[in-house]
Amino acid sequence: AQKITQTQPGMFVQEKEAVTLDCTYDTSDQSYGLFWYKQPSSGEMIFLIYQGSYDEQNATEGRYSLNFQKARKSANLVISASQLGDSAMYFCAMREARDPHEKLTFGTGTRLTIIP
Amino acid sequence: GAGVSQSPSNKVTEKGKDVELRCDPISGHTALYWYRQRLGQGLEFLIYFQGNSAPDKSGLPSDRFSAERTGESVSTLTIQRTQQEDSAVYLCASSLGFTGYGNTIYFGEGSWLTVV
């Protein structure tokens with residue numbers, strides 16, 4: 001079974017609108033971390049935001065927030081007031097505490113295009 | 001250094017030749033990861049280092065792939081007898097080790113490998 005599922009291969013959003021990128025995950029571990037990365041055309045993976053499984057409040061970082069719904073195993077990324085520079089691939093990833101090597105498992109990504 | 005540094009940034013090689021890709025992690029980061037990303041796809045885990053040892057090589061696709069790390073710093077990923085299916089971006093990442101799943105993994109800009 002896929003550990004991380006991103007069901008939106010591509011999205012087009014008007015500039016200045018908010019956008020939600022979906023992510024669901026699958027784990028039996030109680031302790032885990034969820035991450036979102038942005039990958040522009042240059043190829044670098046840029047860390048955006050982190051949510052721990054025991055965090056009661058949704059994480060926020062500037063225009064990014066993570067809508068964490070633990071019971072539904074959902075960790076959607078919300079970008080407010082989108083900008084042209086937000087056009088990129090976005091990856092959701094998970095790190096499980098039971099993995100002694102703490103590696104990240106990634107979803108297949110969502111390509112976001114911001115339309116002027 | 002300030003971030004994860006990778007070289008070369010681009011490499012075109014002929015089928016059958018060997019290539020070496022280098023990664024210089026963030027200073028003080030004991031955990032180092034190599035991932036592969038084929039065009040338009042997500043990230044595949046290749047190998048994990050903790051210090052100079054590699055307890056998890058589960059992602060290496062074949063015995064043509066090997067990696068080493070020295071001085072708990074620089075790592076080299078070597079691909080022998082390259083094949084066209086090896087064409088991909090090879091991403092290196094590092095993080096603090098042994099301190100929990102919440103530590104962020106920081107990525108370099110990747111080495112784009114093209115096998116012709």
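Bear in mind the structure is a predicted one, so any value in this text is a computation, not a measurement.

J.: If you had to explain the overall build of chain B to someone new, which residues and values would you point to?
T.: A count of helical and extended segments in chain B gives 0 helices and 11 strands. Taken from the N to the C terminus, the helices and strands of chain B come in the order β-β-β-β-β-β-β-β-β-β-β. With the C-alpha coordinates of chain B rotated into their principal frame, the extents come out at 40 × 25 × 25 Å. In chain B, buried positions account for 49% of the 116 residues. Expressed as a percentage of contacts within chain B between residues at least 6 apart in sequence, the contacts between residues at least 24 apart total 54%.

J.: So what's going on with the side chain of Asn 76 of chain A? Residues and values would help.
T.: Residues and elements named next belong to chain A. On the secondary structure map, Asn 76 appears in strand 9 (residues 74-79). You can call Asn 76 buried: its relative accessible area is 12%. A polar atom in the side chain of Asn 76 sits 2.9 Å from the backbone nitrogen of Cys 23. A polar contact is formed between the side chain of Asn 76 and the side chain of Ser 74, at a distance of 3.5 Å.

J.: Can you break down unusual backbone geometry residue by residue, with the values?
T.: Here the bond from Ser 7 of chain B into Pro 8 of chain B is cis, since omega is -10 degrees, no more than 30 degrees from zero. Relative to the assigned elements, Pro 8 of chain B resides in the loop between strand 1 (5-7) and strand 2 (10-13). Notably, Ala 81 of chain A is not glycine yet its phi reads approximately 45 degrees, a positive angle. Relative to the assigned elements, Ala 81 of chain A resides in the loop between strand 9 and strand 10 (88-96). Positive phi outside glycine occurs at Glu 72 of chain B, with the angle close to 50 degrees.

J.: Provide a residue-level description of the pairing of strand 8 (residues 64-69) of chain A, including the pertinent values.
T.: All names here are of chain A. Alternating positions in strand 8 separate cleanly, Tyr 64, Leu 66 and Phe 68 being buried on one face and Ser 65, Asn 67 and Gln 69 remaining unburied on the opposite face. Direction of pairing for strand 7 (residues 60-61) relative to strand 8: antiparallel, over a ladder of 2 bridges. Bridge pairing links Thr 60 to Ser 65 in strand 8. Where strand 7 hands over to strand 8, the hairpin turn is made up of 2 residues, of which Gly 62 adopts a positive phi near 60 degrees.

J.: Tell me about the pattern of salt bridges, residues and numbers included.
T.: The full count for this structure, using the stated rule, is 7 salt bridges over all chains. One salt bridge connects Glu 44 of chain B with Arg 38 of chain B, and the closest N-O pair in it is separated by 3.8 Å. Overall, Glu 44 of chain B belongs to the partly exposed group, its relative accessible area being 28%. Judged by relative accessible area, which is 25%, Arg 38 of chain B ranks as partly exposed. Residues joined in a network through salt bridges with shared partners are Lys 3, Glu 96 and Arg 98 of chain A.

Parameters at a glance
- Residues numbered from 1 in each chain as written.
- Chains lettered and ligands numbered in written order.
- Predicted model: local features only at pLDDT ≥ 70, side-chain atom pairs only at ≥ 80, totals over all residues.
- Heavy atoms only, no water.
- Helix = DSSP H or I, 4+ residues; strand = E, 2+ residues; numbered from the N terminus.
- Buried < 20%, exposed > 50% of the residue type's maximum accessible area, 1.4 Å probe, protein only.
- Contact = heavy atoms within 4.5 Å.
- Polar contact = N/O pair within 3.5 Å; in protein donor to acceptor, adjacent residues only side chain to side chain.
- Pairing = 2+ DSSP bridges.
- Salt bridge = Lys/Arg side-chain N within 4 Å of Asp/Glu carboxyl O.

The values are spatial; any link to function lies outside them.
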